[in-house]
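A closer look at the structure
Here is how the chains run, residue by residue.
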Amino acid sequence: MPERAYTAEEMMTVAAARALSRRAVCFVGIGLPSAAANLARLTHAPDLILIYESGAIGARPDVLPLSIGDGELAETASTVVSTPEVFSYYLQAGRIDVGFLGAAQIDRFGNINTTVIGDYQNPKVRLPGAGGASEIATSAHEVFVIVRHSKKTFVEKLDFITSVGSGKQAAGGARGVTRVITDLGILERDSDGKELILTRLHPGITPEQAREATGWSLKTVGQLKETPPPAADELATLRDLHQRTRQAHGA
Amino acid sequence: MPERAYTAEEMMTVAAARALSRRAVCFVGIGLPSAAANLARLTHAPDLILIYESGAIGARPDVLPLSIGDGELAETASTVVSTPEVFSYYLQAGRIDVGFLGAAQIDRFGNINTTVIGDYQNPKVRLPGAGGASEIATSAHEVFVIVRHSKKTFVEKLDFITSVGSGKQAAGGARGVTRVITDLGILERDSDGKELILTRLHPGITPEQAREATGWSLKTVGQLKETPPPAADELATLRDLHQRTRQAHGA
Amino acid sequence: MTPDVIYDQLIGMGCARKLVFSWGGNPGVGSLHRFRDAVENGWPRRLEIEEHSHAAMASAYTAGAAGLPFAVYRGGLGSDLPKVNPMIRRIECPFTGEELAAVPAKRPDVTVIHAQKADRRGNVMMWGIIGVQKEAVLAATHSIVTVEEVVDELDAPPNAVILPHWVVSAVCEVPGGAHPSYAQGYSQRDNAFYRAWDSISRHREVFSDWMRRHILETDDFADYRARLRESPDA
Amino acid sequence: MTPDVIYDQLIGMGCARKLVFSWGGNPGVGSLHRFRDAVENGWPRRLEIEEHSHAAMASAYTAGAAGLPFAVYRGGLGSDLPKVNPMIRRIECPFTGEELAAVPAKRPDVTVIHAQKADRRGNVMMWGIIGVQKEAVLAATHSIVTVEEVVDELDAPPNAVILPHWVVSAVCEVPGGAHPSYAQGYSQRDNAFYRAWDSISRHREVFSDWMRRHILETDDFADYRARLRESPDA
């Protein structure tokens, strides 16, 4: 594998940012989703509307928040509403185009576990839980998942269904998880809407690597495309963002 | 009847103001209730909390509002909340000690009609309707009605039950209409809680006058008391308030 | 919730087929005479009514804004309102068994409100007595917001009442557009007009004549306001 | 909704019998180790949990604040959460027949929040990310509000987020009382402490020792803050 000028995480973040259309209203969580959404806003999608579940509507943070409640979000937002209001008047009302989620486990239908590894009553690992994810999964028009690709995460059967991402229980015309962006490539829902299949690979990644990192028998689109590598401005913008963030948070 | 230094309406307003305890949280409408509540606030009850259904919490209007939406209410309030919030978080939540209502018709149980005279589908007189009254009647801890005494208003049978004032359908420990203040005297709920009976007469009014102005067979408490006439400061404060109001509203 | 003078005008001109409301009067003055004439006498046409309490209407708009099909509130029991409005039903708490009232969510096709400010992108800011305006916009399929002024920056305090530009269909700069009502910080309620409306609207002929001269024969809102300044009372 | 470091401390000291929550992590850092140890290993005691989603918790507080026995929201269908939490039930819309989720209202015995300002009468004002704080106070039987400062006048902008003095049980002036969280306009979030908490809380002995020295052996909040400045990481 040739040495590359960017990390796998940078490729994943850039790919996720590109997936956001220019005028989308986007419900984001902390971490990679927030990095990707803000990268999109700072590059091709300056009019992207970012909504954080803490109630910040139209936030334009200069540094990435460490928590959903960071003051930076409130200070740069068009307005800040209460938690009940952001969940009812914005998310539940169907005003979100794209919900952005992470996952501890994901299955081939797009269902997500962020609750427990092992048995709920007697867990091996207790994870943080649903947070806003359950309703993001069913109320956003579509959901992008951004997560590192591994057999531990891409499983045949979830230990717990925290969020229904299959689109089956979604409200109105919501479609559930339509895209999973990993450090290896991109999975999208297939044409009959049932299963997530591999549609793109990042530069230098082979289909075998993706299949080996997937706990189910991963289907592949006929014509697998390669993700264009991060452009210079994407990379520069992302690194600046992370640099500002590190300085601000004193890490 | 000796000539008096005050009008029947002034006596009624003063009597209603006196009925408010010093620290009550009071949900008021426009007109006589608002005049009485503000008179109380400007005399014996400076800490009275006035809530107007337009969302003004803790309003301290210098002049009486002509409408529930007057700017004076917003400008003098501790805060202004939305209409859904004032009805759900304040009234429905049981945070109101006294609701203050008017009536087009009232029956012996305290039920109120403000909807129609005649048949609903084919009314003789179409009145404004419920407004906030239906839920004030059942959610405030108790309700005072302030209304002129006449057979047209104090009826044997309502044409329409807009607001249940009998206390039967009230939430939690709410008691419904406990007091009716008129230009002739005061009716209160009797000891077994069923019926409104005459307990006080204003100076110079006879029990016969009250009975003749009532469309049902009005019961009277054993020891009918006389309302003390308006004190000089009550009258001066009320007249000042009305004077300021007339000037402000350009009447 | 509270149809005001503009509703009375629409009703009196026969523009309204149905009125959904919870209080229909001229605040502090008395009746809305055109509303009464339509309900009592069917003039100029029969007016269908769907009548609620304020609490129910507020809950119904909230449910509409929140994407729920219905709203739950404490009320209705024992009142005659549910007898004449089949859209007020009972619902049982699935935990306590308690009976509560339910109404369908309100989802207007179009909501029209007046607010103080918008910025050039269309973000709307309002303050003061905000009523149910935010919910009415968020519950609607389309929304039109008239504002006192369009500014470069809203200079909004934290947690200000803001409608983001992407939930509003259209913003129009119409100073004084709330008349005869007011916009806090910009204008005063025209109490004299509310009083004058009582006599203007009391008789069909006077009303129709007033509407012809002030509405039908004026070019736009500015012309209407000018006409009004000339002859407010008749 | 989101138990933070203080919850982790209470759980680790065995002060909590039951946790009602929707997200239990150290934001931006990782696990709440004492919470995990209690759930995974029952240390120092078994912790009963009642688990929801944020949307359900927010609705439940709203219902509590509004005096309703339950809340309705869109959610739950197909998720495993209702299987492990019998307090998430189905309810049918009485108009459309649609199935929705319902949870009982949350009505805390006591709610404790931190806000920016109170006036001398006890009117509380907060701004910024207000979360579900207003609803949590209004839903509670009793409420304690710590504030950054008590002032003569709140100088509140219109429609500010205010808790009137008569809905609050007690107000205490505790500058920095949100630590390690922050109060907008007064302090910054102590991100370093959140990170440090990961290693403090990871092992039972380190945690217990830290608690002894910083909490049990300090006189009050000021003393605790002073101790923390001396030795933030251990």
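Model, not experiment: these values are computed from the prediction.

Turning next to the confidence of the model for chain C. When pLDDT is averaged along chain C, the result is 95; 99% of the residues meet or exceed 70. Quick note on the complex model: pTM equals 0.97, ipTM equals 0.96.

What follows deals with the sheet that holds strand β12 (residues 170-173) of chain D. All names here are of chain D. Pairing in this open sheet of five strands is mixed, and the strands run β11-β9-β8-β10-β12 from one edge to the other. Only two strands of the sheet have a single neighbouring strand rather than two, namely β11 (161-163) and β12. Pairwise comparison of adjacent strand axes, ignoring direction, gives a mean angle of 45 degrees for this sheet. In terms of strand pairing, strand β8 (residues 110-119) meets strand β9 (residues 124-126) through two bridges, oriented antiparallel.

This part is about the interface of chain D and chain C. Contact with chain D, which involves 28 residues of that partner, is made by 28 residues of chain C. Both sides of the chain D and chain C interface together cover about 2,100 Å² of buried area, and 73% of this is carbon and sulfur. Linking chain D to chain C there are zero salt bridges. Summed over the shared surface of chain D and chain C, the result is six residue pairs in polar contact (both at pLDDT 80 or more). Within the residue set of the side of chain D that touches chain C, elements represented by two or more residues are β5 (70-73), β6 (89-92) and β7 (99-104) of chain D. If one sorts the elements of the side of chain D that touches chain C by residue count, β7 of chain D sits on top with four residues. Classifying every residue of the side of chain D that touches chain C by side-chain character gives 20 nonpolar, four polar and four charged.

Attention shifts here to the relation of the copies chain D and chain C. Rotating chain D by 180 degrees and moving it 0.0 Å along the rotation axis overlays it on chain C with an RMSD of 0.0 Å. Expressed as a symmetry operation, the mapping of one chain copy onto the other fits a two-fold axis. Of all interface residues in chain D, 100% are interface residues in chain C too; the two copies therefore contact each other through one and the same surface.

Moving on to unusual backbone geometry. Residue and element names in this part refer to chain C. Note the cis peptide between Trp43 and Pro44, where omega equals 0 degrees. The topology assignment puts Pro44 in the loop between α2 (33-41) and β4 (48-51). Of the consecutive residues His179 and Pro180, the connecting peptide bond is found in the cis state with omega at 5 degrees. With respect to the helices and strands, the residue Pro180 is situated in the loop between β12 (170-173) and α6 (191-202). The residue Asn159 is not glycine, and still its phi comes out positive at about 60 degrees. Here Asn159 is to be found in the loop between β10 (142-151) and β11 (161-163). Classification of Asn159 as buried rests on a relative accessible area of 11%.

Cut-off values and rules
- Residues numbered from 1 in each chain as written.
- Chains lettered and ligands numbered in written order.
- Predicted model: local features only at pLDDT ≥ 70, side-chain atom pairs only at ≥ 80, totals over all residues.
- Heavy atoms only, no water.
- pLDDT = per-residue confidence, 0-100.
- Pairing = 2+ DSSP bridges.
- Helix = DSSP H or I, 4+ residues; strand = E, 2+ residues; numbered from the N terminus.
- Axes fitted to C-alpha atoms, helices over the stretch in contact; angles between N-to-C directions.
- Contact = heavy atoms within 4.5 Å.
- Buried area = accessible area lost by both parts, 1.4 Å probe.
- Salt bridge = Lys/Arg side-chain N within 4 Å of Asp/Glu carboxyl O.
- Polar contact = N/O pair within 3.5 Å; in protein donor to acceptor, adjacent residues only side chain to side chain.
- Nonpolar A, V, L, I, M, F, W, Y, C, P; charged D, E, K, R; others polar.
- Least-squares fit on C-alpha atoms with pLDDT ≥ 70 in both.
- Buried < 20%, exposed > 50% of the residue type's maximum accessible area, 1.4 Å probe, protein only.

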